[in-house]
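# Coordinate analysis (summary)
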Amino acid sequence: MDIYKTSNIVRHELRWGGHINKISSVEDSISFSLKLMPAMRCVQIYIANPRCFNPPAITSEDMVKTSNLIKYQDIKLYIHSSLAINLAGSVDPADIDINMKTKRAISCLSTEMDYASICGCSGTVVHIGSHTDKPEGYRRVRDAFKMALVKESPATLKLSKETKTPKDPFGR
């Protein structure tokens, strides 16, 4: 068991890693990063364009290979959700498109969570956004997360068939 001591801080089995770019596939991206930084054991990656709501272009084969790689290499993989997501709602109280934007954000987040679950990731990172009315913003975040957790994403059925996982990767 490795223990590193610095001053009064004890680092016990601390994992380090970084935010990596997706190249041709998630599995290739992690493999390439491991060649550069062999001790890396924690990875965060965008699986789609981080500035829009487009669904990720990930094949079933890539998900299986990614799942096998992170298990074999003992890597904690986190999917970083789109930066376009604002679960809090809006910084503009007069935003008439707030409900449409929230629906798109929930759909995007649920899809990315499904990919993360099927790949065996440790989690999904999402920036919750902001709202001018903090209590209202927190309520909207709570409600949006509840909806995202129970929403069957467009990818759910397709992915579950292709990867032979249960239809409901989150036990919904």
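Right, let's talk about the pattern of salt bridges for a bit. Under the defined criterion, the tally for this structure stands at four salt bridges. Across the pair Arg 139 and Glu 136 runs a salt bridge whose closest N-O atoms are separated by 2.5 Å. With Arg 139 and Glu 136 both in helix α4 (residues 134–150), this residue pair falls three residues apart, about one helical turn. Of the residues examined, Arg 139 reaches a relative accessible area of 32% and is grouped as partly exposed. Arg 142 serves as the salt-bridge partner of Asp 143, at 3.0 Å between the closest nitrogen and oxygen. For Asp 143, a relative accessible area of 22% corresponds to the partly exposed category. Look at Arg 142 and you get partly exposed, because its relative accessible area is 45%. Within the structure, one salt-bridge network assembled from shared partners comprises Glu 136, Arg 139, Arg 142 and Asp 143.

Within the structure shown, the criterion is met by zero disulfides. With no disulfide partner, Cys 121 has as its closest neighbouring cysteine sulfur the one in Cys 119, 5.1 Å distant.

Turning to the environment of Met 63, a few remarks are in order. With respect to the helices, strands and loops of the structure, Met 63 is situated in helix α2 (residues 60–72). A C-alpha to C-alpha distance of 8.7 Å links Met 63 and Gly 120, two positions 57 residues apart in sequence.

The biggest cluster of nonpolar side chains holds 20 residues, and the ones touching the most others in it are Val 26, Ile 30, Val 43, Ile 45, Ile 47 and Leu 77. Only α1 (26–36), β4 (42–46), α2, β5 (76–80) and α3 (98–119) provide two or more residues apiece to this core. Considering every element that reaches this core, the biggest residue donor is α3, with four residues. Those residues in contact with Val 26 that sit more than four places away from it in its chain are Ile 45, Ile 47, Ile 58, Asp 62, Thr 66 and Leu 77. In terms of nonpolar packing, the next biggest core, distinct from the first, is built from 12 residues, Ile 106, Leu 109, Val 126 and Val 141 among them.

Turning our eyes to something else, we now look at the packing of α3 against α4. Between α3 and α4, whose axes approach to 9 Å, the crossing angle comes to 45°. By the criterion of interaxial angle, the relationship of α3 to α4 is oblique. Our pair here, α3 against α4, has a crossing hand that is right-handed. On the side of α3, the interface is formed by Ile 98, Asn 99, Thr 102, Ile 106, Leu 109, Ser 110 and Met 113, while α4 contributes Arg 140, Ala 144, Phe 145, Met 147, Ala 148 and Leu 149. Class assignment for the residues of the contact of α3 with α4 results in nine nonpolar, three polar and one charged.

Of the residues in the protein, 80% have a pLDDT of 70 or more, and the chain-wide mean is 82. Least confident of the elements in the protein is strand β1 (residues 3–6), whose mean pLDDT is 50; most confident is β5, at 93. Below a pLDDT of 50 lies the segment residues 167–172, which in the model reaches 18 contacts outside its immediate sequence neighbourhood of four places, other chains included.

Criteria and cut-off values
- Residues numbered from 1 in each chain as written.
- Predicted model: local features only at pLDDT ≥ 70, side-chain atom pairs only at ≥ 80, totals over all residues.
- Heavy atoms only, no water.
- Salt bridge = Lys/Arg side-chain N within 4 Å of Asp/Glu carboxyl O.
- Helix = DSSP H or I, 4+ residues; strand = E, 2+ residues; numbered from the N terminus.
- Buried < 20%, exposed > 50% of the residue type's maximum accessible area, 1.4 Å probe, protein only.
- Disulfide = S-S within 2.5 Å.
- Core = buried A, V, L, I, M, F, W, Y, C linked by side-chain atoms within 4.5 Å.
- Contact = heavy atoms within 4.5 Å.
- Axes fitted to C-alpha atoms, helices over the stretch in contact; angles between N-to-C directions.
- Parallel < 35°, antiparallel > 145°, perpendicular 65-115°, else oblique.
- Left-handed = near helix turned anticlockwise from the far one by under 90°.
- Nonpolar A, V, L, I, M, F, W, Y, C, P; charged D, E, K, R; others polar.
- pLDDT = per-residue confidence, 0-100.

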